[in-house]
2 protein chains.
Amino acid sequence: METYRPADGWDALGDPTRRAIVECLAERPRAVGELAEALPISRPAVSQHLKVLKEAGLVTDRAAGARRIYRLNPAGVAALRDQLDTYWARALDAFQDVAGHPDEEKS
Amino acid sequence: METYRPADGWDALGDPTRRAIVECLAERPRAVGELAEALPISRPAVSQHLKVLKEAGLVTDRAAGARRIYRLNPAGVAALRDQLDTYWARALDAFQDVAGHPDEEKS
DNA sequence: ACGAACGGTAAGCTACGACTAACGTAATTG
DNA sequence: CAATTACGTTAGTCGTAGCTTACCGTTCGT
């Protein structure tokens, strides 16, 4: 048995190329070849990235003849958004005493 | 001159250890040593991760005597959240024709 | 002022992830 | 029924991210 870990949504978006793919798919659904010629990488590379994004639940695919149309999955995006929301809320919660510490270093 | 690329927020959260640090800091601000003993890595490793998170604008730090208190930056988290929101909105926009394609493959 | 606590930096090693090339498969076209 | 198009998968190479160890500057305590 292989020690196989299903890709997390954050891990998936951790790669800049995959973020570019996500941006492309946010505009409109596309086939693999379309994505490949819109990006500076080969088609197999796109295929591998799409596999990761699919495992993370960020995209869904649909067979259309010989081609395969990938589209962004709103539910997957929403899941990450909700997680950020909880971070954000808890951070604001622990942020109440910030007025008492004017020596904050932002840079 | 060095080709230095300031870390993106997504790149920063792409690492599971850094996500663990973010979760810790979401609870309450902590010093570097505190984070190190709460995680299975050494203190220098934590320091390097905090540097990345700081460059990404996800945390801010404040000197407190010999110690250095790191806290989560709500603005940085909100920035990522907003970006996900636009993806989400555009994905929903291009999702109107989904009823016409019942052969969606989710898994 | 000396020693200890705290933390950032440099050097070096290792492991994993991203990419290409080559191959195999399913579907369309002539 | 070839030939072509469109994808996925595998094998293999290469760069780099993440970790530890060692070292150095700062700040607090006694």
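Here, the structure is the one placed above.
Treat the numbers as computed from the prediction; the structure is a model and nothing was measured.

Criteria and thresholds
Residues numbered from 1 in each chain as written. Chains lettered and ligands numbered in written order. Predicted model: local features only at pLDDT ≥ 70, side-chain atom pairs only at ≥ 80, totals over all residues. Heavy atoms only, no water. Near = heavy atom within 4 Å. Polar contact = N/O pair within 3.5 Å; in protein donor to acceptor, adjacent residues only side chain to side chain. Helix = DSSP H or I, 4+ residues; strand = E, 2+ residues; numbered from the N terminus. Nonpolar A, V, L, I, M, F, W, Y, C, P; charged D, E, K, R; others polar. Core = buried A, V, L, I, M, F, W, Y, C linked by side-chain atoms within 4.5 Å. Buried < 20%, exposed > 50% of the residue type's maximum accessible area, 1.4 Å probe, protein only. Contact = heavy atoms within 4.5 Å. Pairing = 2+ DSSP bridges. Axes fitted to C-alpha atoms, helices over the stretch in contact; angles between N-to-C directions. Salt bridge = Lys/Arg side-chain N within 4 Å of Asp/Glu carboxyl O.

Student: What exactly am I supposed to notice about the protein's contact with DNA strand C here?
Tutor: Contacts to DNA strand C come from 22 residues, most closely from Ser-42 and His-49 of chain A together with Gly-33, Ser-47 and Tyr-70 of chain B. Sugar and phosphate atoms represent 61% of those atoms of DNA strand C found within 4 Å of the protein. Measuring from a phosphate oxygen of DNA strand C, one finds a side-chain N or O atom of Arg-18 of chain A at 3.0 Å. In this structure, Ser-42 of chain A approaches DNA strand C through a side-chain N or O atom, which is 2.5 Å from a phosphate oxygen. Going through the elements one at a time, α2 (16-27) and α4 (43-55) of chain A together with α3 (32-38), α4 (43-55) and β3 (67-72) of chain B are the ones with two or more residues in the surface near DNA strand C. Counted by class, the surface near DNA strand C contains nine nonpolar, eight polar and five charged residues.

Student: Honestly, the protein's contact with DNA strand D in this entry has me stumped. Any pointers?
Tutor: Contacts to DNA strand D come from 22 residues, most closely from Gly-33, Ser-47 and Tyr-70 of chain A together with Ser-42 and His-49 of chain B. If you look at DNA strand D and keep only atoms within 4 Å of the protein, 60% of those are sugar or phosphate atoms. Backbone polar atom of Ala-66 of chain B to a sugar or linking oxygen of DNA strand D: 3.5 Å apart, as the coordinates give it. Of all the secondary-structure elements, those providing two or more residues to the surface near DNA strand D are α3 (32-38), α4 and β3 (67-72) of chain A together with α2 (16-27) and α4 of chain B. For the surface near DNA strand D, the residue count by class is nine nonpolar, eight polar and five charged.

Student: Honestly, the nonpolar core in this entry has me stumped. Any pointers?
Tutor: What tends to happen in soluble globular proteins is that the nonpolar side chains get buried as a cluster. With 50 residues, the main nonpolar core has Leu-50, Leu-58 and Leu-72 of chain A together with Leu-50, Leu-58 and Leu-72 of chain B as its most contacted residues. The residues contacting Leu-50 of chain B, other than those within four sequence positions of it, are Ile-21, Leu-25, Val-32, Leu-35, Val-59 and Tyr-70 of chain B.

Student: Which parts of the structure should I look at to understand the sheet that holds strand β1 (residues 30-31) of chain B?
Tutor: Adjacent strands of a sheet form backbone hydrogen bonds with each other and so pair up, either parallel or antiparallel. Residue and element names in this part refer to chain B. If you trace the three strands from one edge of the open sheet to the other, you get β1-β3-β2, paired in antiparallel fashion. Each of the sheet's edge strands pairs with one partner strand only, and the pair in question is β1 and β2 (59-64). Packed on one face of the sheet, α2 meets β1, β2 and β3 and runs near 90 degrees to β3.

Student: Which parts of the structure should I look at to understand the pattern of salt bridges?
Tutor: Opposite charge on two side chains permits pairing when their charged atoms draw close. All names here are of chain A. Applying the stated rule across the entire model yields 19 salt bridges over all chains. A salt bridge links Glu-34 to Arg-67; the nearest nitrogen and oxygen atoms lie 3.9 Å apart. Taken together, the positions of Glu-34 in helix α3 and Arg-67 in strand β3 put the pair 33 residues apart, joining distant regions of the chain. Overall, the relative accessible area of 22% leaves Glu-34 in the partly exposed class. Residue classification places Arg-67 among the partly exposed residues on the basis of a relative accessible area of 48%. Between Lys-54 and Asp-61 there is a salt bridge, with its nearest N and O atoms 3.0 Å apart. For Lys-54, a relative accessible area of 22% corresponds to the partly exposed category.

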